[in-house]
Amino acid sequence: MALSSATLTALRLPSSVLRQDGHQHGSNLGQAVPSRLVVRAQAASSIPSQGPDIARAERVKEFNKLLGDVAKIAVSTGPRGAVRLAQGIEAFVTVGGEYLFQLFTNPESATSQSATPGLSLTPPGPAQLRRLFERLGATYIKLGQLIASAPTLFPPEYVKEFQSCLDKTPPIPFEDIKAIVRKELGRPLEEVYDFVDPQPLASASIAQVHAARLRGSQKEVVIKVLKPGVEDILTADLNFLYVTARVLEFLNPELARTSLVSILGDIRASMLEEVDFRKEALNIEAFRNYVDSLGLSNQATAPAVYRHCSTERVLTMERLFGVPLTDLVSIRSIVPNPETTLITALNVWFGSLLACETFHADVHAGNLLVLNDGRVGFIDFGIVGRISPATWAAVETFFTSIGNGQYNAMAAALVQMGATDTAVDIPSFGRDLEKIFTAVQDLDTNVIISTAGGPQNATIAASLAVDEQQVNNLLLDVGSLELAACMIVVALTQTRLALACDVSDTPAVMTYLFLG
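Residues numbered from 1 in each chain as written. Predicted model: local features only at pLDDT ≥ 70, side-chain atom pairs only at ≥ 80, totals over all residues. Heavy atoms only, no water.

S.K.: Even after reading the chapter, I still don't get the overall build of the protein chain, so can you show me in this structure?
M.R.: The number of helices and strands found in the protein chain is 18 helices and 17 strands. Classification of the 516 residues of the protein chain by burial places 41% in the buried group. Within the structure as shown, the protein chain displays about 27000 Å² of accessible surface, and the carbon and sulfur contribution to it stands at 58%. (Helix = DSSP H or I, 4+ residues; strand = E, 2+ residues; numbered from the N terminus. Buried < 20%, exposed > 50% of the residue type's maximum accessible area, 1.4 Å probe, protein only. Areas by Shrake-Rupley, 256 points an atom, 1.4 Å probe, with all protein chains shown as cover.)

What follows is the structure, encoded as structure tokens:
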């Protein structure tokens, strides 16, 4: 499923535009007013003022549309919603009961502040949260994968605990796997495979993977099987999240500036299409064609798909032998310079944004391998993204306008990319961008270079430090949301952007190094 521009521009500029105090209407006109950036709130629905009756009619119209959407989603969810609620209650009761039982039976878990002997007042930790996520199923395991792949966002103990969500979730019995494959392929396994390993290679949120050998060709393959009930779980969970976001946005229209509904809508559509392995097969073949057409097959690859034994819920692919990108010790036994391999992985992935019809949109540590021959293996193409030609043209215009200081063109490009609401005065927006660029250029900056390691494996990092008081003043002038959005734009103009990899934590997590 292709992710729309709403997801790619999760941080949006507000629909309001900025102005200077010296250009206000009213009693201050013509007076000398200190130049200061302020916010003029002009939502698209209030330009110009429409009066209370029209505004009330618009709210009624929005309410009726919300009710219609909720009704459609409720119908599509059906009884799965009630079943999912019961499953959620069961998961909380089970994990909570296990936790309380452990507190009572393990004296060492008690704290000195406990009112009852043997009972700890310490709240549940990462292990309990992981078990709860695993019991709640696919949607929450996906969230666990996010935690495991973002060491800069979550505490280290949670990142470590949730590593198992990448490919070591509780497996389903092999007999159930055999039944699913037999039903999907319409024939016994023995007619397709000479051997199927009953022990799974990996078990993740959506599917379970088993090693196998094809009958006749004797090729080593893996069989990816959709876990039973996953589609119902995803439908119920994602429909609930989407409806909740729609209701919150209706109650507080300011939330529309965050694009929460659009983002959740994209995620909902993407994850529901992830359960169709026929689409994943097309995504894999598109990536392989991109790698072959650009002569990158000596650097990276993706598994070949065997169509004759693949269906909507079963995907048979070439088996890639290697180690995950998180295993730096094993990587060093394969390649002399792991950092170069990581950068190669990022370059190949970034190149797919430009040269491939789709790009891998689920690049966490469990989906990247360093193969035994030194190449990078990309796996699990269930979620992909697509950037439209119009968006790429706007991106090109944006970077060109940065170089020549054409702020009106820059503003128009941001609007084209979907970074603002449509009701924006582009010339005013361009002037506001120029003011912010000028303000940031006046910040006092220092480049801090740090080193770690010995002479043989030294690591050098660079960071950009700014004067905290100046930043606080800019926050007061512009407003935190406006500054957060605009600082991204400004940082691109002030520095050279380098994509790198945080090899100290999770190699699949990309970080931006701004080198002044």
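S.K.: Quick question: what am I supposed to make of the side chain of R130 here?
M.R.: In this structure, R130 sits in helix α4 (residues 126-136). Note on R130: relative accessible area 14%, which makes it buried. Those residues in contact with R130, other than ones at most four positions away along the chain, are E161, F162, S164 and C165. (Contact = heavy atoms within 4.5 Å.)

S.K.: How should I be thinking about the nonpolar core in this particular structure?
M.R.: Most often, soluble globular proteins have nonpolar side chains that are buried together. With 42 residues, the main nonpolar core has L234, F287 and F378 as its most contacted residues. Broken down by secondary-structure element, the contributors of at least two residues to this core are β5 (207-214), β6 (220-226), α9 (230-251), α11 (277-293), β8 (314-318), α13 (338-355), β11 (368-371) and β12 (376-378). When residues no more than four places from it in sequence are discounted, the contact partners of L234 are A138, T139, I206, N239, M271, L272 and V275. (Core = buried A, V, L, I, M, F, W, Y, C linked by side-chain atoms within 4.5 Å.)

S.K.: Looking at this model, I keep getting lost on the packing of α9 against helix α10 (residues 260-273). Mind explaining?
M.R.: The geometry of a pair of packed helices is captured by two quantities: the angle between their axes and the separation between those axes. Running from amino to carboxyl end, α9 crosses α10 at an angle of 170°, the nearest separation of the two axes being 9 Å. With respect to α10, the element α9 is oriented roughly antiparallel. Residues L234, T235, L238, N239, L241, Y242, A245, R246 and E249 of α9 form the contact with α10, whose own contacting residues are L260, V261, L264, G265, I267, R268, M271 and L272. Considering only residue class, the contact of α9 with α10 consists of 11 nonpolar, three polar and three charged. (Axes fitted to C-alpha atoms, helices over the stretch in contact; angles between N-to-C directions. Parallel < 35°, antiparallel > 145°, perpendicular 65-115°, else oblique. Nonpolar A, V, L, I, M, F, W, Y, C, P; charged D, E, K, R; others polar.)

S.K.: Where do I start with helix α16 (residues 426-441) in this structure?
M.R.: Think of an α-helix as turning once every 3.6 residues; residues three or four places apart then point the same way. Its 16 residues give α16 an end-to-end C-alpha distance of 22 Å, which sits within 8% of 22 Å, the value for a rise of 1.5 Å per residue. Every buried residue belonging to α16 is among S428, F429, G430, D432, L433, I436, F437 and V440, and all of these are buried. (Expected span 1.5 Å × (residues − 1).)

S.K.: Could you clarify how one ought to interpret unusual backbone geometry in this entry?
M.R.: With glycine set apart, most residues show a phi of negative sign, and most peptide bonds adopt trans. Of note, the phi angle at Q218 is positive, near 60°, even though the residue is not glycine. As for its position among the elements, Q218 is in the loop between β5 and β6. Q218 sits in the partly exposed class, given a relative accessible area of 38%. Even without being glycine, D380 reaches a positive phi, approximately 65°. Among the structural elements, D380 can be located in the loop between β12 and β13 (384-385).

S.K.: What is the right way to look at the packing of aromatic side chains in this model?
M.R.: Overall, the coordinates contain eight aromatic pairs when judged by the stated rule. Between the aromatic rings of F287 and F378, the centroid separation amounts to 5.0 Å while the plane-to-plane angle is 50°, which identifies the pairing as tilted. Of this pair, F287 sits in helix α11 while F378 is found in strand β12, placing the two residues 91 residues apart along the sequence. The same class applies to F287 as to F378, namely buried. (Phe/Tyr/Trp six-rings, centres within 6.5 Å; stacked < 30°, edge-to-face > 60°.)

S.K.: What should I look at first to understand the packing of helix α14 (residues 389-404) against helix α15 (residues 407-416) in this one?
M.R.: Packing of α14 against α15 brings their axes to within 8 Å, and their N-to-C directions diverge by 155°. The angle between the axes of α14 and α15 places the two elements in the roughly antiparallel class. Regarding α14 and α15, the two cross each other, and that crossing is left-handed. Of α15, the residues touching α14 (which contributes A390, A394, T397, F398, S401 and I402) are A409, M410, A413, L414 and Q416. For the contact of α14 with α15, a count of residues per class yields eight nonpolar, three polar and no charged. (Left-handed = near helix turned anticlockwise from the far one by under 90°.)

S.K.: Where do I start with the pattern of salt bridges in this structure?
M.R.: When the charged atoms of two side chains lie near each other, side chains of opposite charge can form a pair. Enumeration over the complete set of coordinates arrives at 18 salt bridges. Among the ionic pairs, K65 bridges to D69, the shortest N-O distance being 3.4 Å. With K65 and D69 both in helix α2 (residues 52-77), this residue pair falls four residues apart, about one helical turn. Judged by relative accessible area, which is 54%, K65 ranks as exposed. (Salt bridge = Lys/Arg side-chain N within 4 Å of Asp/Glu carboxyl O.)

S.K.: Could you clarify how one ought to interpret a nonpolar patch on the surface in this entry?
M.R.: Taken together, L85, I89 and V93 make up a surface patch of nonpolar side chains, about 310 Å² in accessible area. The class for V93 is exposed, based on a relative accessible area of 57%. (Patch = residues over 30% accessible without salt bridge, like charges linked within 9 Å, V, L, I, M, F, W, Y side chains within 5 Å.)

S.K.: Explanation requested: the sheet that holds β11 in the structure shown.
M.R.: What holds strands together in a sheet is hydrogen bonding between their backbones, with the strands either parallel or antiparallel. Reading across from one edge, β7-β12-β11-β9 is the order of the four strands in this open sheet, with mixed pairing throughout. Of all the strands in the sheet, the pair left with one neighbour each is β7 (300-301) and β9 (322-324). (Pairing = 2+ DSSP bridges.)

S.K.: Would you explain helix α3 (residues 80-105) in this entry?
M.R.: With 26 residues, α3 should cover 38 Å at 1.5 Å per step; its first-to-last C-alpha distance of 37 Å lies within 8% of that length. Listed in full, the buried residues belonging to α3 are R84, G88, A91, V95, Y99 and L103.

S.K.: Help me understand the pairing of β6, please; the structure alone is not making it clear to me.
M.R.: On a regular strand, one side chain projects to one face of the sheet and the next to the other, so that they alternate. For β6, the tally of buried residues reaches six of seven residues, placing the bulk of the element in the interior. Two strands pair when backbone bridges link them, and β5 and β6 are joined in this way by seven bridges, in the antiparallel orientation. By the bridge assignment for β6, A211 is matched with V222. Taking the residues that link successive antiparallel strands as the turn, the β5-β6 hairpin has five residues, and the phi of G216 there is positive, at about 95°.

S.K.: Help me understand the confidence of the model for the protein chain in this model?
M.R.: A low pLDDT score tells you not to read the predicted coordinates there in detail. Taken residue by residue, the protein chain gives an average pLDDT of 75. The fraction at 70 or more is 75%. Between residues 480-485, whose pLDDT stays under 50, and residues either more than four places distant or in other chains, the model counts 15 contacts. (pLDDT = per-residue confidence, 0-100.)

S.K.: Would you mind going over a negative patch on the surface with me for this structure?
M.R.: There is a patch of like negative charges on the surface, built from D442, D444, D467 and E468. Mapped onto the fold, D444 is located in the loop between α16 and β14 (445-452). (Lys, Arg positive; Asp, Glu negative; His and termini not counted. Charge placed at Lys NZ, Arg CZ, Asp CG, Glu CD.)

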